[in-house]
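Inside the fold
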Amino acid sequence: MTFPVYFWLGSLRIHPHFLFESLAYAVALRLVLRNVRKDSIAPAQRTSVIVGGMVGALLGAKALVWLQHIDLLWQNPQQLLFILLQGKTVVGALLGGVIGVEITKKMIGVNRSTGDVFVYPLIIGTAIGRIGCFLTGLSDQTSGIPTTLPWGVDFGDGIPRHPTQVYEIIFLMILMLFLHLRSRYQRQEGDFFKFYLISYLAFRFLIDFIKPDFRPLLGLSAIQVACLIALFCYRRNIPQMFQIR
């Protein structure tokens, strides 16, 4: 397999990252629109919440990707500029989206939890997007460090690496199954999203140890630090993940 793995539509060559990212957004949006039909808040308020979340997600994704690659500021400023224009992080988007939603809810006077309807769209959309990351190869900067394990993947530089994109897809499918089983039991409004967010952030904190990232703070990357801060904020909800009521 040669990376990037391009797709062809007649004579048009389509980059895998663009293809699967577009597909991820389309599928996630379709699922969100289907889920909000069963929502408990007014349509106008839900629209405001979605817009607030999208703005926060965009800002968070860009801010964290800049911090993640801040070493390029003095090593390769041009590459940093390219990353700022093209790059984004799922963790940054998630946390920025949460902040954007909470600010919006405070502004419009919504006191109820609103995240549950986004859980499956986020999981499925992220999994689809990671297919594009995998097929893009090294230039996407989501692959892992070199490995001697038999499933290591040569993304084009002759070095077998951890296919961390595939690890994430597998984790997301397991998480979706866990949440489906957990949904059969009694839970409070908002628990579903908290379960998802805590699980994903814990996974990203651990998996990023096998990624070749810049680690300026106690051997941690900017993404890992962001995960730890968020997990600390949600620490009271972690025991609830394993309680059956």
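The model shown is predicted, which means the values in this text are computed figures rather than measured ones.

1. Side note on the environment of R112
With respect to the secondary-structure elements, R112 resides in the loop between α5 (90-108) and α6 (119-136). Through-space distance from the C-alpha of R112 to that of E189 is 8.0 Å; in sequence the pair is 77 residues apart. Those residues in contact with R112, other than ones at most four positions away along the chain, are S40, I41, K105 and E189. Polar contacts involving the side chain of R112 include one to the side chain of E189, which spans 2.9 Å.

2. Description of the pattern of salt bridges
Taken as a whole and judged by the stated rule, the model has seven salt bridges. K88 is paired through a salt bridge with E21; the nearest N and O atoms lie 2.9 Å apart. Placement of the pair is K88 in the loop between α4 (77-86) and α5 and E21 in helix α1 (residues 16-35), with a sequence separation of 67 residues. The partly exposed category is assigned to K88, whose relative accessible area is 38%. Between K211 and D208 there is a salt bridge; the shortest N-O distance is 3.7 Å. Where salt bridges share partners, they join R204, D208 and K211 into one cluster.

3. Concerning the confidence of the model for the protein
Per-residue confidence for the protein gives a mean pLDDT of 89, with 92% of residues at or over 70. Of all helices and strands in the protein, the one with the weakest mean pLDDT is α4 (66), whereas strand β4 (residues 160-161) scores best (97).

4. With respect to unusual backbone geometry
The amide bond that connects F3 to the next residue, P4, takes the cis arrangement and shows omega of -5°. Structurally, the position occupied by P4 is in the segment before β1 (7-9). Here L218, not a glycine, exhibits a phi torsion of approximately 55°, which is positive. Locating L218 in the fold gives a position in the loop between α8 (191-207) and α9 (222-233). Taking relative accessible area as the criterion, L218 reaches 81% and is therefore assigned exposed.

Reading the values: rules and limits
Residues numbered from 1 in each chain as written. Predicted model: local features only at pLDDT ≥ 70, side-chain atom pairs only at ≥ 80, totals over all residues. Heavy atoms only, no water. Helix = DSSP H or I, 4+ residues; strand = E, 2+ residues; numbered from the N terminus. Contact = heavy atoms within 4.5 Å. Polar contact = N/O pair within 3.5 Å; in protein donor to acceptor, adjacent residues only side chain to side chain. Salt bridge = Lys/Arg side-chain N within 4 Å of Asp/Glu carboxyl O. Buried < 20%, exposed > 50% of the residue type's maximum accessible area, 1.4 Å probe, protein only. pLDDT = per-residue confidence, 0-100.

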